[in-house]
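# Structural characterization, general
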Amino acid sequence: MRRSKVSFAGLTIGVALAFGAPVLCPGPGLAEYHPSGAASPNGAAGPGQEIAGRDGAAMILVPAGFFWMGSTRAEVDLVIQDCRTNQELDEATCVGWYEDEMPRHKASLDAFYLDVHEVTNRLFAQFTAATGYLTTAEREGWAKAWIQGRGLVSVKGASWRQPEGGDTPILPHRDQHPVVSVSWEDANAYCFWAGKRLPTEAEWEYAARAGTNTLFWWGDEEPRERKVGNIADESARNLIGGIVQGYMDGYARTSPIGSFEPNPWGLHGMIGNVAEWTHDWYGGSYKKEPEHNPQGPATGQYKVIRGGSWANGALRARSANRDWDTPIYRHDTVGFRCAMSLPK
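All values reported here derive from a predicted model rather than from experimental measurement.

## Notes on the state of the cysteines
For the structure shown, the criterion picks out two disulfides. Paired by a disulfide, cysteine 83 and cysteine 94 hold their sulfur atoms 2.1 Å apart. Note on the cysteine 83 and cysteine 94 pair: the S-S dihedral is about -75°, so by sign convention the disulfide is left-handed. Linking cysteine 83 in helix α2 (residues 73–86) with cysteine 94 in helix α3 (residues 91–98), this pair joins segments that are eleven residues apart in sequence.

As structure tokens, then:
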């Protein structure tokens, strides 16, 4: 079995980017969108229309359009170099982790609604109270978590209610934090209950990029003074490895939703806080599939996880980064948000 990236602490963007590597050139023909709602060059309306989902969560309209999905060869080579240098992993592992971002390809999407924030503990509690649903972790009695002094371990009794196990109840002091330690099956069940669905991998990356073509929605550089997201920062130094040197977001673990800048389309937490389950099966490097509304392989062993988390360095928080694990996997760094198609 391939080693999943989800179970490793974050990498930092090191020598390749921090010391003046050539700027990566944008791909051809990228549409530029505007969060004000003004028309983009291809005629699509910019995002901005906001509604409330059946679960009460705010959702924003993501406009129809196209984008360049994945990474170029030059981008992947820089990432692999960083993986080998800073994480001190072998070349085969780094290649296996990051070459799946290729080939870079054009994808077009219909408009859809997406939750502005990750699903919170408060919302997930409403779901379980209304349905009696028990998560995978609750049924099986354990979940993985980062524990200070022990690293990443399987914790008996850990679940969304107690992500680190023991006496760590999430409510009420974490009611506005993203729910974690939920499997793909749990996330899918919630979205179905709410009259929604999980976003496809293409929808997720399209929304995360928000019309940009850089490594992150804010540019190609690591965050420093600008508070753009909850990633592995100085406050997590004693908990995990691979922090972003000099970055202080103030949260060693998850943060309340909306604590950081939104991306240009008004979406919060697309980079960092928690990694997010998507609809798609994982099939390795991108295969030939329909350009319009791609949905990934028909079957598989793993589900795609996107976005990076509070335990990941900047390298793993890039818009193109892909993670994956089994549909019953649960971890204190993984949560989700829901999408909804427009009525036909």
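## Observations concerning the sheet that holds strand β8 (residues 275–281)
Strand order in the open sheet made by the four strands is β10-β9-β8-β11, with mixed pairing throughout. The open sheet is flanked by β10 (323–325) and β11 (334–335), the only strands paired with a single partner.

## A short note on the environment of glutamate 234
Inspection of the secondary structure puts glutamate 234 in the loop between α7 (201–209) and β8. We classify glutamate 234 as partly exposed; its relative accessible area is 23%. Glutamate 234 sits ten residues away from valine 244 along the chain, and the two C-alpha atoms are 7.1 Å apart. In this structure, glutamate 234 is in contact with Ile243, Val244, Gln245, Gly246, Tyr247 and Met248, ignoring residues within four places of it in sequence. At a separation of 2.8 Å, a polar atom in the side chain of glutamate 234 contacts the main-chain amide nitrogen of glycine 246.

## A word on the confidence of the model for the protein
With 85% of its residues at a pLDDT of 70 or more, the protein shows a mean pLDDT of 86. Every residue in residues 10–45 is under pLDDT 50, and counting partners more than four places away or in other chains gives 88 contacts.

## Focus on α7
An α-helical turn contains 3.6 residues, so a residue and the one three or four places further along point in the same direction. With nine of its nine residues buried, α7 lies for the most part within the structure. Of the positions making up α7, those classed as buried are Glu201, Ala202, Glu203, Trp204, Glu205, Tyr206, Ala207, Ala208 and Arg209. In the stretch just after α7, alanine 210 is the one whose phi turns positive, near 50°.

## A closer look at the pattern of salt bridges
Inspection of the entire model under this criterion finds 22 salt bridges. A salt bridge links aspartate 115 to lysine 196; the nearest nitrogen and oxygen atoms lie 2.9 Å apart. Separated by 81 residues along the polypeptide, aspartate 115 in strand β5 (residues 112–115) and lysine 196 in the loop between α6 (184–193) and α7 bring together distant segments of the chain. Across this residue pair, the class does not change: aspartate 115 and lysine 196 are buried.

## Thoughts on the environment of glycine 241
Within the secondary structure, glycine 241 is located in the loop between α7 and β8. Judged by relative accessible area, glycine 241 falls into the partly exposed class, the value being 36%. Note: C-alpha distance between glycine 241 and asparagine 312 (71 residues apart in sequence) is 8.8 Å.

Cut-offs and rules
Residues numbered from 1 in each chain as written. Predicted model: local features only at pLDDT ≥ 70, side-chain atom pairs only at ≥ 80, totals over all residues. Heavy atoms only, no water. Disulfide = S-S within 2.5 Å. Helix = DSSP H or I, 4+ residues; strand = E, 2+ residues; numbered from the N terminus. Pairing = 2+ DSSP bridges. Buried < 20%, exposed > 50% of the residue type's maximum accessible area, 1.4 Å probe, protein only. Contact = heavy atoms within 4.5 Å. Polar contact = N/O pair within 3.5 Å; in protein donor to acceptor, adjacent residues only side chain to side chain. pLDDT = per-residue confidence, 0-100. Salt bridge = Lys/Arg side-chain N within 4 Å of Asp/Glu carboxyl O.

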